[in-house]
Each structure stands twice: as C-alpha cells, then as structure tokens.
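Each chain, letter by letter, is given below.
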Amino acid sequence: MRRLLLTTIPALLCAQSYFTIINEVDDSPTLKSAKQLREAADFAASAAKGKDLPTLDASLSGAWLKDTPTVTFRLPGTPPLEAPMGTKRNFVGSIRLAYPLFTGYAITAQIEKAELESRRAELKVSDLKRNLYLQVTELASACYSLQKSIEANQEAKKAMEESYKKAKGLYENGLLPPADLYNIEAKLYAIKANITETKSKKEQVLNTLGYLIGKDIDSVELPEDSFTIKIDKEALIARALESREDISALKSLLKISKSETLLAKSRLYPTIGVVAELKRKGDTLALNGDGFTNPDQSYIGVSAKWNLFNGFADSKMIEAANLKSLAAASTLNDYKRRVKTDIENSFLKLSSIFSRLQSAKMELKAQQAYCDLTKGRFENQLAGADELSRSIADLAAAKAKVSILEGKIFTLKASIFLMAGVKPFKESFLAAK
C-alpha cells in the first residue's frame, strides 16, 4: 500500500505508521488512569450487590461486674431477703444471620445505580480514547503538513542556490547589478530561516504526540488510502446518535437519575427484615450457663419499620429526583441535536476543503509553469532577480498550501468517523489500511 511519508527518515530510524500510533493510545498514561477509575467503579458495583445478600456476624463479649447481681424479695411480716441472680463474670457468644426481606426497593435501586455508574465509567474511558484518537490524528496531519512544507522550501532553497550561482556569474561579468544579486541572496536566507522555523514546529508537534501516547516519536507515516474513503452521512449520524460514547454516557446518567427517583420513593414503604441468632451465655468461655439463666438464648425474629411522617422530607426528595431526571433528559436531547449539527457542518466543511484543494492544485500547476518560465527568462536576461526569487517562493508556498489542505482533509475525515464513535472509526477509517 502506498503511504505518504511525513518526515525525512534518518538512516537508523524508521517512521511509525499512523495505525501504530493509534494503537499506542490504548496504553497511554492518560488512558491507564481512566481505566483504573473504571475498575474502581466495577468494584463499587460488586460491593453494592452485597447489600441484597444475607449478613452473617459472629461476636464474643465478656463483662466483669463489680457486684454480684441480686434480687430482693419482700414478704409481709418478714425482713427483705436478697438472693443472687447471676454471676460477676459473664460471657456471651453468638452467630447472627440477618436478611432484609423488603426495603421499599431501596437496595434494588442502589444496585442498579452502582451498575449504571460502572457502565458510565466504562463509557467515559471510551470517550476519552475517542478524544485522544482525534488529538493524535490532528497532530499527525500537522506533522504531515509541516514536513511537506519543509520539503517544498528545501526544493526552493536548492532552486534559489542554483539561481544565485548563475546570478553571481552574470554579476561578475558585469551583466547584473549588485542590487539584484543581493535580492536573491536575501531570499535565500529567508528560505533557510523558514526551513529552520518549520523544523522547530515539527519537533514541537512530535514532542506533543509523544507525550500523548507516552513514547518518543521520531517520524510518522500517514495512510494515503484514507483520502479516498467514502462516507455515508445519514448512516453515520444515525450511528452517532445511537451509540456514541458520550451520548451513551448521558443515557446512563438519565437511567441513574431514574434509579435515584426509585430510591427516593423507597422511603415511602415499610422495611421488613428477618434475623436468626445462635446465642449462648455463661460464666466461662465454655458458654454453658451461669447456674441462674438459660445458657441457650438463640432466637428467630422479624422486624418491620414504617416511617409515617418526617416533615415532608421524603416528598421533597422525590420531587428533586424527578426534576433531576427531567434535566438529564433535556440535556441528552440537546446534546444529540448538537452532535447532529456538528457532523452536518463537518461534511459541509469537508466539501469546501475539497474544492479549495482542487483550486490549490491548479494554482500549483500554474506556479510551476510560471517558475520554469521565469528561470528561462532570467537566464536570457529577460526577467529580473526579484521576479525570479518571488516565483520560486510562490511555488514553495503553493506546494505547502496543497499539503496543508490534504492534511486538513485527512483530519476532518478521521474526526467525522470519530464523531460517530470509536467502533465506526476502527471499522471504517482504520480498516482502509
């Protein structure tokens, strides 16, 4: 497959392809941090599920009383009589099993909310990856444009150096005024300065690109096949509105709001629970009784609790949850409209850039012909040095303009696919390789 070479490759270095760099994004430090937060949300969801399971507790307690517990008997005609009713040393051991039979759907709502938060965290990771892909693509195309600009200026420099040699020969033979020679020399230095500045900008772009993926980048290759990819606008918009990561995250947020509403309503219902406890008591760790009370104090119990009034707090919480859910729904609808508008505008912009590219290519063709004509005229002393130097500089600018527009087309096509989500980008745009 043909490739557009973005950088001049040193002998001991090979360019990294755009696809390789995209794959490196998955292991970037920024994405690793987000993945750890997603794993934390997964564990939180698993922890929430535990609330719907029975709880089993074991306990052992001991107490040493100051006085022996006694009971006083008062009989008519006799003085009060005291008798021991326990021991100073007491131990209690138990194994307690409890299960909430009904909580007004509170536990169900909490579990659902935690699972949705976990899903939302996963979607945030995918959306972060989508944005990193877009940033990497923009930097890659910027690198492409800068390298093409360097190459165009290097060609202009070579042409200017050749013209300078010829001009110097004419000057030495008295056929060219000093001002014309100095003019060409000044243009030559300007082109060299432009090359140095453009190389510096390219290095900055490569440094930023290396920072994003967590690896040093020496050069980049851009796939040529991507320039010819066809895009179905309506299908892309439909897929974006259905499953793009940030839109799916907003849908999850709407579901979370509904779970919070259910959680608020759960306070209107009673809570019912059952408990069973194996419990023994004694004056030693054998827990075989103290000689006064039954050593086996095991039991099974049922509890029910229903709050009848709490100052209208429950109704206010339900109202707040409903309003939050409505706000989430409005945000989702507005965001979907904005996404659709952004995609449609991107298609219009793409069409405009294609037209500009065709115009730039025609301009380049004309500048090439004019530059060749001017060189011939200069050699025959029919054109001045100023006209020659301007034609060479204009040709370099025309070449750079074409490469800049090609880079913009590449970035815009990639961003259009990314506007639909990571999967369409990988399935359609990256599949072009």
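Source: prediction; values computed, not measured. Residue positions within a chain follow its written sequence, with the count starting from 1. Where local features are concerned, this predicted model is filtered to residues with pLDDT of at least 70; where side-chain atom pairs are given and counted, the filter is 80 or more; whole-chain, interface and lining totals use all residues. With hydrogens and water excluded, all non-hydrogen atoms of the structure serve as input to the side-chain values.

**Description of the packing of helix α3 (residues 106-172) against helix α7 (residues 313-379)**
Moving on, step 1. Look at α3 against α7: their axes get within 11 Å of each other, and the N-to-C directions meet at 15°. As the angle between them shows, α3 and α7 are arranged roughly parallel. Read as a crossing pair, α3 and α7 show a hand that is left-handed. Here A159, S163, K166, A167 and L170 of α3 lie close against α7, whose contacting residues are K375, F378 and E379.
Moving on, step 2. Following the grouping adopted for this structure description, the nonpolar residues are Ala, Val, Leu, Ile, Met, Phe, Trp, Tyr, Cys and Pro, the charged ones are Asp, Glu, Lys and Arg, and the polar ones are all others, Gly among them. When its residues are assigned to classes, the contact of α3 with α7 shows 4 nonpolar, 1 polar and 3 charged. All axes are obtained by fitting lines to C-alpha atoms, using only the stretch in contact for helices, and the reported angles, taken between N-to-C directions, cover 0 to 180 degrees. Helix and strand definitions here come from DSSP, where helices need a minimum of 4 consecutive H or I residues and strands a minimum of 2 consecutive E residues; each element is numbered from the N-terminal end. For classification, angles of less than 35 degrees are called roughly parallel, those exceeding 145 degrees roughly antiparallel, those between 65 and 115 degrees roughly perpendicular, and all remaining angles oblique. Take the far helix as the reference: if the near one is turned anticlockwise from it by less than a right angle, the crossing is left-handed, and if turned clockwise, right-handed. We call two residues in contact when some of their heavy atoms are within 4.5 Å.

**Description of the packing of helix α5 (residues 233-243) against helix α6 (residues 245-265)**
Moving on, step 1. Following both chains from N to C, one finds α5 and α6 inclined at 35°, their axes separated by 6 Å at the closest point. Taken together, the residues of α6 that come into contact with α5 (itself represented by A240, L241, E242 and S243) are E245, I247, S248 and K251.

**Some remarks on the packing of aromatic side chains**
Moving on, step 1. Here a Phe, Tyr or Trp ring, Trp counted by its six-membered ring, pairs with any other such ring whose centre lies within 6.5 Å, and the pair is stacked when the planes are under 30 degrees apart, edge-to-face when over 60, and tilted otherwise. In total, this model carries 5 aromatic pairs according to the counting rule given.
Moving on, step 2. Considering the side-chain rings of Y18 and F19, the 5.8 Å spacing of their centres and the 70° angle between planes classify their relative orientation as edge-to-face.
Moving on, step 3. With a 1.4 Å probe rolled over the protein chains alone, any residue whose accessible area is under 20% of its type maximum counts as buried; one over 50% counts as exposed, and the rest are partly exposed. Note on Y18: relative accessible area 0%, which makes it buried.
Moving on, step 4. Ring geometry for F102 and Y269: centres 6.2 Å apart, planes at 90°, overall edge-to-face.

**Some points on the environment of T70**
Moving on, step 1. With respect to the helices, strands and loops of the structure, T70 is situated in strand β4 (residues 70-73).
Moving on, step 2. According to the relative accessible area criterion, T70 is partly exposed, its value standing at 41%.
Moving on, step 3. A sequence separation of 175 residues divides T70 from E245, and the C-alpha atoms of the two residues are 72 Å apart.

**Some words on a nonpolar patch on the surface**
Moving on, step 1. Two distance rules govern patches: like charges are joined within 9 Å, and nonpolar side chains (Val, Leu, Ile, Met, Phe, Trp, Tyr) within 5 Å, applied only to residues with over 30% relative accessible area and no salt bridge. The method behind every accessible area is Shrake-Rupley, applied with a 1.4 Å probe, and residues are considered shielded solely by the protein chains displayed. For salt bridges, the criterion is a side-chain nitrogen of Lys or Arg within 4 Å of an Asp or Glu carboxyl oxygen. On the surface, L56, I95, L97 and L278 cluster together into a nonpolar patch covering about 410 Å² of accessible area.
Moving on, step 2. In this structure, I95 sits in strand β6 (residues 89-102).
Moving on, step 3. Accessibility expressed as a relative area gives 43% for I95, which makes it partly exposed.

**Some details on the sheet that holds strand β9 (residues 299-305)**
Moving on, step 1. By this definition, two strands are paired if DSSP reports at least two bridges between them. What the 4 strands build is an open sheet, ordered β3-β6-β8-β9; its pairing is antiparallel. Here the strands that pair on one side only, and so sit at the sheet edges, are β3 (55-64) and β9. In this sheet, neighbouring strand axes are inclined to one another by 25° on average, regardless of whether the strands run parallel or antiparallel.
Moving on, step 2. In this sheet, strand β8 (residues 271-282) lies alongside β6 in antiparallel orientation, the contact comprising 11 bridges. What sits directly across from F102, in β8, is I272.

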